[in-house]
Amino acid sequence: VRETSCVIVGGGPAGAATALYLARAGVGVTLVEAQVGVKPKACGEGVMPAGVPVLHDLGLLAPALARGARPFHGIRYRTPAGTVAEARFPGWRRGVHGLAVPRPVLDGLLREAVLAERAITLLEGWRVSDVLLLGGRVRGVRVRERATGRIEEILADLSVGADGHGSRFHSLPGVAPRRPARKRLGLSAHVAGFAGLTDVVEVHLAPSREIYITPTADSEANVAVIVEEAGEPAARAADFLGSLARASDELAERCARARVVDTVRARGPLGLAVARTSGPGWTLAGDAAGALDPITGEGIALALIHARALGEAVRRTGAPDLAACETAHRVRQRTMRELSVLTSATLFLAGSPRLSEAAVRLMRAFPGVFARLLGVAAGRGATKENEPR
Ligand SMILES: Cc1cc2nc3c(=O)[nH]c(=O)nc-3n(C[C@H](O)[C@H](O)[C@H](O)COP(=O)(O)OP(=O)(O)OC[C@H]3O[C@@H](n4cnc5c(N)ncnc54)[C@H](O)[C@@H]3O)c2cc1C
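The structure presented is a predicted model; accordingly, all values stated were derived computationally and were not measured. (Residues numbered from 1 in each chain as written. Predicted model: local features only at pLDDT ≥ 70, side-chain atom pairs only at ≥ 80, totals over all residues. Heavy atoms only, no water.)

Hey, could you run me through the side chain of S248 in this one?
Following the sequence through the fold, S248 ends up in the loop between α6 (240-247) and α7 (249-254). For S248, a relative accessible area of 12% gives the class buried. Engagement of the side chain of S248 in a polar contact is seen with the backbone nitrogen of L251, the distance being 3.1 Å. (Helix = DSSP H or I, 4+ residues; strand = E, 2+ residues; numbered from the N terminus. Buried < 20%, exposed > 50% of the residue type's maximum accessible area, 1.4 Å probe, protein only. Polar contact = N/O pair within 3.5 Å; in protein donor to acceptor, adjacent residues only side chain to side chain.)

What exactly am I supposed to notice about the site of the ligand here?
In the neighbourhood of the ligand, 33 residues make up the surrounding shell, with E33, G44, G46, R267 and D287 lying closest. With respect to the ligand, the side chain of E33 contributes an N or O atom lying 2.6 Å from an oxygen atom. Between the ligand and E45, the relevant distance is 3.3 Å, taken from an oxygen atom to a main-chain nitrogen or oxygen of the residue. Taking 1000 Å² as the accessible area of the ligand by itself, protein coverage stands at 90%. Listing elements by their share of the shell around the ligand, those giving two or more residues are α1 (13-24), β2 (29-33), β9 (126-134) and α8 (299-317). A per-element tally of the shell around the ligand places β9 first, with 3 residues. (Near = heavy atom within 4 Å. Areas by Shrake-Rupley, 256 points an atom, 1.4 Å probe, with all protein chains shown as cover.)

Could you clarify how one ought to interpret the packing of α1 against α8 in this entry?
When two helices pack together, their arrangement is given by the angle between the helix axes and the distance between those axes. Two elements in contact, α1 and α8, have axes separated by 8 Å at closest approach and are oriented at 20 degrees. It follows from the interaxial angle that α1 and α8 lie roughly parallel. The crossing of α1 and α8 is right-handed. Residues P13, A14, A17, T18, Y21, L22 and R24 of α1 form the contact with α8, whose own contacting residues are I300, A303, L304, A307, R308, L310, G311, V314 and R315. (Axes fitted to C-alpha atoms, helices over the stretch in contact; angles between N-to-C directions. Parallel < 35°, antiparallel > 145°, perpendicular 65-115°, else oblique. Left-handed = near helix turned anticlockwise from the far one by under 90°. Contact = heavy atoms within 4.5 Å.)

What exactly am I supposed to notice about the packing of aromatic side chains here?
Each aromatic ring pair is specified by the distance between its two centres and by the angle formed by the two planes. Counted by the stated rule, this structure contains 1 aromatic pair. Centre to centre, the rings of F72 and F89 are 6.0 Å apart; their planes meet at 55 degrees, and the pair counts as tilted. Placement of the pair is F72 in strand β4 (residues 70-72) and F89 in the loop between β6 (84-88) and β7 (98-100), with a sequence separation of 17 residues. F72 sits in the buried class, given a relative accessible area of 2%. Cation over ring: R2 sits above W126, and NZ or CZ is 5.7 Å from the ring centre. Sitting over the ring of W92, R88 keeps its end group 4.8 Å from the ring centre. (Phe/Tyr/Trp six-rings, centres within 6.5 Å; stacked < 30°, edge-to-face > 60°. Lys NZ or Arg CZ within 6 Å of the ring centre and 35° of its normal.)

Explanation requested: unusual backbone geometry in the structure shown.
If a residue is not glycine, its phi is most likely negative; likewise, a peptide bond is most likely trans. With an omega of -5 degrees, the peptide bond between G268 and P269 qualifies as cis. As for its position among the elements, P269 is in the loop between β17 (265-267) and β18 (278-279). With a phi angle near 65 degrees, E45 is a residue other than glycine that sits in the positive phi range. When you line up the elements, E45 lands in the loop between β2 and β3 (46-47). Overall, E45 belongs to the buried group, its relative accessible area being 3%. A positive phi angle, near 40 degrees, is found at A176, a position not held by glycine.

Looking at this structure, I do not really get the nonpolar core. What am I missing?
Grouped burial of nonpolar side chains is what soluble globular proteins tend to show. Counting 50 residues, the largest nonpolar core has I8 and L99 as the members making the most contacts within it. At 9 residues, α8 tops the list of elements feeding residues into this core. Excluding its chain neighbours within four sequence positions, the residues that come into contact with L99 are E45, G46, V47, V52, L55, L61, A64, L65, A69, R70, P71 and F72. Formed by 22 residues, the second largest nonpolar core is a distinct cluster that contains M48, A87, V96 and V201. (Core = buried A, V, L, I, M, F, W, Y, C linked by side-chain atoms within 4.5 Å.)

What should I look at first to understand the environment of A224 in this one?
On the secondary structure map, A224 appears in strand β15 (residues 220-228). Here A224 falls in the buried class, since its relative accessible area comes to 7%.

How do you make sense of empty space enclosed by the protein when you look at a structure like this?
Over the atoms rolls a probe the size of a water molecule, and in doing so it shows where empty space is left. Across all of its chains, the model carries 1 cavity of 30 Å³ or more by this definition. Empty space within the largest cavity amounts to approximately 50 Å³. Taken together, R78, T79, P80, H204, L205, A206, A247, S248 and L251 make up the full set of residues lining the largest cavity. The biggest single contributor to the lining of the largest cavity is strand β13 (residues 200-206), with 3 residues. Here the residues of the lining of the largest cavity sort into 5 nonpolar, 3 polar and 1 charged. (1 Å grid on protein atoms, 1.4 Å probe; cavity = no way out; pocket = protein on both sides within 12 Å on 5 of 7 lines; lining within 4 Å. Points joined across faces, edges and corners; volume = space filled by probe spheres on them. Nonpolar A, V, L, I, M, F, W, Y, C, P; charged D, E, K, R; others polar.)

Looking at this structure, I do not really get the pattern of salt bridges. What am I missing?
As a working rule, side chains carrying opposite charge can pair if their charged atoms are close by. Counting across every chain of the model gives 19 salt bridges. Residues R142 and D130 are paired through a salt bridge, measuring 3.2 Å at the closest nitrogen-oxygen approach. Of this pair, R142 sits in strand β10 (residues 137-145) while D130 sits in strand β9; the two residues are 12 residues apart in sequence, bridging distant segments of the chain. Judged by relative accessible area, which is 33%, D130 ranks as partly exposed. Notably, a salt bridge pairs E210 with R184, separated by 2.8 Å at the nearest N-O pair. A residue pair is termed long-range when its members are at least 10 positions apart, and E210 in strand β14 (residues 209-217) and R184 in strand β12 (residues 184-192) qualify at 26 residues. For the pair shown, E210 and R184 are each scored as buried. (Salt bridge = Lys/Arg side-chain N within 4 Å of Asp/Glu carboxyl O.)

Honestly, a nonpolar patch on the surface in this entry has me stumped. Any pointers?
There is a patch of nonpolar side chains on the surface, built from L362, F366 and V369 and spanning about 310 Å² of accessible area. Positionally, L362 belongs in helix α10 (residues 353-365). (Patch = residues over 30% accessible without salt bridge, like charges linked within 9 Å, V, L, I, M, F, W, Y side chains within 5 Å.)

Teacher, can you tell me more about the sheet that holds β4 here?
Strands in a sheet are paired, the pairing made by backbone hydrogen bonds, and the direction either parallel or antiparallel. Taken in spatial order, the 3 strands of this open sheet run β3-β7-β4, and their pairing is antiparallel. Looking at the sheet topology across the chains shown, the edges are occupied by β3 and β4. For β3 and β7, the ladder comprises 2 bridges, and the chain directions are antiparallel. Counterpart to V47 in the pairing with β7 is L99. (Pairing = 2+ DSSP bridges.)

Dropping the structure here:
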């Protein structure tokens, strides 16, 4: 049996950032991650502007840029009929930007920061099997070392479930995880030889799929394709470039000399809602606390903002207690509500070519409104503490 102030399950962006902020607030943390080292994940790899100041605050922005992360300044939508609307994030001239950062770079930097933090003990290669619920309060977790099968219990004042979509904490009373009716799957890969990339993320609305292109170099991009979840992911991966070329003549032309430079990775189903995000002795973080569809790529920013809010709340209450967790969730909810304006709108539009055509025409006709919407989605309209600093 080990004892700690806080045990965090999952060393993804949510778990690692939460560990760093709690450690900064003076809390001793044990971070449990099932994997050893950093593994690539299917992801669009675009951190929305609201998350960038948090990376800066953690001291990770400059190292990320030094390792090849690339700023982006806005979003361009393109309909199946070829109508294009593009807007920059409000404040982009003052330096407001999103960040295209390969997950191995982001996750690697977070891991290095965790390893450098004395108040954090990182247990890699350990999988949490159970959450210990006693007398209505979570007392900690049971873990199993994957290499040896050794089982231990970690007792903690606060247990944080940052273990993604299939969180062990979802079996706690009242959490009641729900998946959206529309089953969608995300695939992503890095594509080199991509022509016509600029400094904006492109969203191509095509029949039964959306394509997100996040430029990572002059002619290289992270391409994420979101499809309805029917058919084998492997078959879709094999057809990755073909599906881009079939989406529009424009993409076919721009991808004529393109090639996938890594592996096509798949993740799904996408989207998750939970009814309860914290209780006595526990709280959820990151995708485990509910995930919007990745359609507007805000999962990482949301996880970072929530981690910072939890650290600040713990500093104020002086302990990682339920009050601090609930305060942080209110910040997360507020941010998520703002971000979901664009997500819900885009999801709705993506379902109908006629609507998406009309909407993109409107965005084109009223660029100021589009820019405002983008400002909200970027997090600038959310709360004062999300303002880029
Ligand atoms: C196709 C696609 C594209 C996306 N594009 C974007 C984008 O462009 N921008 C953006 O911001 N977001 C995007 N997202 C969402 C983003 O990937 C997630 O929001 C983000 O990874 C959430 O971080 P997390 O730490 O909550 O979860 P994860 O990154 O899933 O990390 C969870 C960690 O928990 C560990 N774990 C799980 N179970 C256990 C256990 N029992 N014991 C111990 N450890 C465990 C896992 O190994 C993992 O490391 C995209 C998602 C998809 C699928």
